[in-house]
Amino acid sequence: MNQQEVLSVLQGAFEGADIDVKIEGSHYHVAIVSELFDGVRAVKRQQMVYAALNDAIASGAIHAVHMSLSAPSEA
């Protein structure tokens, strides 16, 4: 998946969020600031992102994802 495709998937899952995607080889770096993360533990936040990217991860299109996830009050 290219940067725009990943961004589009994440924008669909995290509407209104500030999202940044960078790709280095097969590693994807995702930074998301979303109100959906307010009061949510780090592991649950990661699970939310993995759920959005599940099809791409399962197909092998995405190999590794590094995440920086925060609520607006934490940014």
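Described in the following lines is the structure provided in the data block. No experiment lies behind these values; they were computed from the predicted model shown.

Next up on the list: the pairing of strand β1 (residues 18–24). The sheet contact formed by β1 and strand β2 (residues 27–33) spans seven bridges and is antiparallel. Residue D18 lies in a different strand from β2, and its bridge partner there is V33. Hairpin connection between β1 and β2: a loop of two residues separates the two successive antiparallel strands, and G25 in this loop has a positive phi of roughly 65 degrees.

A separate point is the pattern of salt bridges. Using the criterion set out here, one finds two salt bridges in the structure. In this structure, K22 engages D20 in a salt bridge whose closest nitrogen and oxygen atoms are separated by 2.8 Å. On the accessibility criterion, D20 (34% relative accessible area) is partly exposed. The partner of R45 in a salt bridge is E74, with the nearest N and O atoms 2.9 Å apart.

Cut-off values and rules
Residues numbered from 1 in each chain as written. Predicted model: local features only at pLDDT ≥ 70, side-chain atom pairs only at ≥ 80, totals over all residues. Heavy atoms only, no water. Pairing = 2+ DSSP bridges. Helix = DSSP H or I, 4+ residues; strand = E, 2+ residues; numbered from the N terminus. Salt bridge = Lys/Arg side-chain N within 4 Å of Asp/Glu carboxyl O. Buried < 20%, exposed > 50% of the residue type's maximum accessible area, 1.4 Å probe, protein only.

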